[in-house]
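Here's the letter readout for the chains.
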Amino acid sequence: MARRKVKLAYITNDSARKATFKKRKKGLMKKMSELSTLCGIDACAIVYSPYDTKPEVFPSTLGVQRVLTKFKKMPEMEQNKKMVNQDSFLRQRIVKANDQLKKQMKDNREKQMIRVMFQGLTGKSLQGLSIVDLNDLGWLVDQKLKEIYWMIESTKKRGAKQGKAQAGEAADGTPRSGREKGVAAVQVPVAERVGPSDMNMANMSKPQWLVDLMINHAGHGGFGAEVMIPPGFDGKNHRSVWPNGFFP
């Protein structure tokens, strides 16, 4: 059976608090002993409580003094390097949780825009989108286009290398296996199959439908005719015009 999660709050009941203290103090001392034995490190613990007249120490009074003396001999910067109190520990956890939240929100936003992008490719109208939505959608389209351009260039380079290698082997008459010869006879480099005129990176423009949609977006979602498109906006630099907290 799964253990019930304990609420980290002060126990107001005296008897329950005392029982919890004894149980957890015993567990702490056991863990300290295991840590010291298994890892071969110097460790100590001092526990004060209103239920005992003397503090309980681990491993012994002399052992605690030896560890504390060793700790005090360290430089002050090294002493405080990994030292935290409850306040600093909670602050670190809050910062980490906020970073995780921002990352998750960005991931969710990107998935949402991917869904909108595919809906637009299937012919669904995008006139209900706001300026922020269009800005994020434009950023996503730019990123996907960059990935496509990179894949095209990588494929062309691989095809060119294969063509040069085959030409060199044919020139020096290096024998190859029958199967490889058969493949080489029919294989055409990707660069030759595609053709430079079809895959010219400079001539592949940004999606004009997104720019037209933003300009002709009158009367939908608060993006009416009275909204002016900032001067110089051509669909290629929209991130500098409408920045947001999700995408750069």
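Position numbers for residues count from 1 along each chain, tracking the sequence in the order it is written. Only residues with pLDDT of 70 or above have their local features reported here, since the model is predicted, and side-chain atom pairs are shown and tallied only from 80 upward, although totals for entire chains, interfaces and linings are computed over all residues. Based on all heavy atoms of the structure, the side-chain values leave hydrogens and waters out of the count.

The next point concerns the overall build of the protein chain. Counting its regular elements, the protein chain contains 9 helices and 2 strands. Along the protein chain, helices and strands appear, N-terminal first, in the series α-β-β-α-α-α-α-α-α-α-α. Type-normalised accessible area, obtained with a 1.4 Å probe on protein chains alone, sets the label of each residue: buried when under 20%, exposed when over 50%, and partly exposed for intermediate values. When the 248 residues of the protein chain are sorted by exposure, 21% land in the buried category. In what follows, residue pairs with any heavy atoms lying within 4.5 Å of each other are defined as contacts. A separation of at least 24 residues holds for 56% of the contacts in the protein chain among residues at least 6 apart in sequence. A 1.4 Å probe and the Shrake-Rupley method give the accessible areas. Residues count as covered only by the protein chains that appear here. Summing over all exposed atoms, the protein chain offers an accessible surface of approximately 19,200 Å²; the carbon and sulfur share of this is 58%. Strands are runs of DSSP state E lasting at least 2 residues, helices are runs of H or I lasting at least 4, and numbering of each runs from the N terminus.

The aromatic pairing rule takes the rings of Phe, Tyr and Trp, using the six-membered ring of Trp, and pairs them if the centres are within 6.5 Å, calling planes under 30 degrees apart stacked, those over 60 edge-to-face and the rest tilted. Tallied over the entire structure, the rule returns 1 aromatic pair. Arranged with centres 5.5 Å apart and planes meeting at 45 degrees, the rings of Phe 21 and Tyr 51 form a pair that is tilted. Placement of the pair is Phe 21 in helix H1 (residues 14–39) and Tyr 51 in the loop between strand E1 (45–47) and strand E2 (56–58), with a sequence separation of 30 residues.

Ranked by size, the top nonpolar core spans 12 residues in total: Met 113, Val 116, Met 117, Leu 126, Leu 129, Leu 134, Leu 137, Trp 139, Leu 140, Val 141, Leu 145 and Tyr 149. Contributing elements (two or more residues each) for this core: helix H4 (86–121) and helix H5 (131–172). Take this core: its biggest share by element is 7 residues, from H5. The next biggest cluster of nonpolar side chains, apart from the first, holds 7 residues, and it includes Met 29, Met 32, Val 47 and Phe 58. We call a set of buried Ala, Val, Leu, Ile, Met, Phe, Trp, Tyr and Cys residues a nonpolar core when their side-chain atoms join them within 4.5 Å.

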